[in-house]
Amino acid sequence: MPVQLSHPPLGDVQLDAVYGALADRHRRLVVVRLASSPDEEVPCTTLDVPGSKSTRSYHWKVLREAGLIVQRSTGTGMLLRLRPDFEERFPGLLENLLRLAETGR
């Protein structure tokens, strides 16, 4: 049976939590990957994040609770995607993140 995961309402997403989640290089790279194809759901196993399964699960939780991603259980795995309404809350943030990633900063 798929697990129901909680996602914060858009109005509750706080910039300090977003920046805290993006402070980790691996989480930032996940968001960049998802932002490069914002309509695509990606199996979490395809994302290059080092560490144990519990470490990766922790990263997904931090990103989800910060309001950056939507995480959905498929019963046998998890799918991640960029939160579709994130840009409404913080216009330009993801665009700047992508631009910085392209320049290697």
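Please read these numbers as outputs of a predicted model, since none were measured by experiment.

Trainee: Whenever I open this one, the nonpolar core confuses me. Can you help?
Mentor: Soluble globular proteins tend to pack their nonpolar side chains together in the buried interior. Counting 26 residues, the largest nonpolar core has Val18, Val31, Trp60, Leu63, Leu68, Phe86 and Leu94 as the members making the most contacts within it. Contributions of two or more residues to this core are made by helix 1 (15-22), helix 2 (25-36), helix 3 (53-66), strand 3 (78-82) and helix 5 (93-102). A total of five residues in this core trace back to one element, the largest contributor, which is helix 2. Not counting residues up to four positions away in its chain, the partners in contact with phenylalanine 86 are Leu10, Val13, Val18, Gly67, Leu68, Leu93 and Leu94.

Trainee: Looking at this structure, how should I read helix 3?
Mentor: Residue pairs spaced three or four apart in an α-helix point in one direction, given the helix's 3.6 residues per turn. When the terminal C-alpha atoms of helix 3 are compared, their 20 Å separation across 14 residues agrees well with the 20 Å that a helix rising 1.5 Å per residue should span. Tucked into the core, helix 3 has its buried residues touching helix 1, helix 2, strand 2 (69-73) and strand 3. Where helix 3 ends, the next residue or the one after it, glycine 67, has phi of about 90 degrees, a positive value.

Trainee: Is there a simple way to explain the pattern of salt bridges in this structure?
Mentor: Close approach of charged atoms allows side chains of opposite charge to pair. All chains considered together, the criterion is met by four salt bridges. The residue glutamate 41 makes a salt bridge to arginine 72 at a minimum N-O spacing of 2.8 Å. One end of the pair, glutamate 41, is in the loop between helix 2 and strand 1 (42-43); the other, arginine 72, is in strand 2, with 31 residues separating them in the sequence. The class for glutamate 41 is partly exposed, based on a relative accessible area of 32%. A relative accessible area of 40% means that arginine 72 is categorised as partly exposed.

Trainee: Is there a simple way to explain helix 5 in this structure?
Mentor: Within the sequence span of helix 5, burial applies to Leu93, Leu94 and Leu97. Relative to the axis of helix 5, the buried residues are bounded by an arc of 95 degrees and lie together on one face. Turning to helix 5, the residues buried within the fold contact helix 1, helix 2, strand 3 and helix 4 (86-89). Phi for glycine 104, located one or two positions after helix 5, is positive at around 80 degrees.

Trainee: It is not clear to me how the packing of helix 2 against helix 5 should be interpreted in this structure. Could you clarify?
Mentor: When two helices pack together, their arrangement is given by the angle between their axes and by how far apart the axes lie. With their axes 10 Å apart at the nearest point, helix 2 and helix 5 run at an angle of 105 degrees to one another. It follows that helix 2 is roughly perpendicular to helix 5 by the angle criterion. Where helix 2 approaches helix 5, its residues Arg28, Val31, Val32, Ala35 and Ser36 are matched on the opposing element by Leu94, Leu97, Leu98 and Ala101. Partitioned by chemical class, the residues of the contact of helix 2 with helix 5 number seven nonpolar, one polar and one charged.

Trainee: Could you clarify how one ought to interpret the packing of aromatic side chains in this entry?
Mentor: For any two aromatic rings, the description comes down to two numbers: the centre-to-centre distance and the angle of the planes. In this structure the tally under the stated criterion is one aromatic pair. Seen in terms of ring centroids, phenylalanine 86 and phenylalanine 90 are 5.5 Å apart; in terms of plane orientation they differ by 50 degrees. Their pairing is tilted. For phenylalanine 86, a relative accessible area of 0% corresponds to the buried category. For phenylalanine 90, a relative accessible area of 13% gives the class buried.

Trainee: I keep staring at the sheet that holds strand 3 and nothing clicks. Help me out?
Mentor: In any sheet, the strands associate via hydrogen bonds between backbone groups, in a parallel or an antiparallel arrangement. The strand order across the open sheet formed by three strands is 1-3-2, and the pairing between neighbours is antiparallel. Each edge of the open sheet is held by one strand with a lone partner, namely strand 1 and strand 2. Docked against the sheet, helix 2 engages strand 1, strand 2 and strand 3, running at close to 75 degrees with respect to strand 3.

Calculation criteria
- Residues numbered from 1 in each chain as written.
- Predicted model: local features only at pLDDT ≥ 70, side-chain atom pairs only at ≥ 80, totals over all residues.
- Heavy atoms only, no water.
- Core = buried A, V, L, I, M, F, W, Y, C linked by side-chain atoms within 4.5 Å.
- Buried < 20%, exposed > 50% of the residue type's maximum accessible area, 1.4 Å probe, protein only.
- Helix = DSSP H or I, 4+ residues; strand = E, 2+ residues; numbered from the N terminus.
- Contact = heavy atoms within 4.5 Å.
- Expected span 1.5 Å × (residues − 1).
- Salt bridge = Lys/Arg side-chain N within 4 Å of Asp/Glu carboxyl O.
- Arc of directions from axis to C-beta.
- Axes fitted to C-alpha atoms, helices over the stretch in contact; angles between N-to-C directions.
- Parallel < 35°, antiparallel > 145°, perpendicular 65-115°, else oblique.
- Nonpolar A, V, L, I, M, F, W, Y, C, P; charged D, E, K, R; others polar.
- Phe/Tyr/Trp six-rings, centres within 6.5 Å; stacked < 30°, edge-to-face > 60°.
- Pairing = 2+ DSSP bridges.

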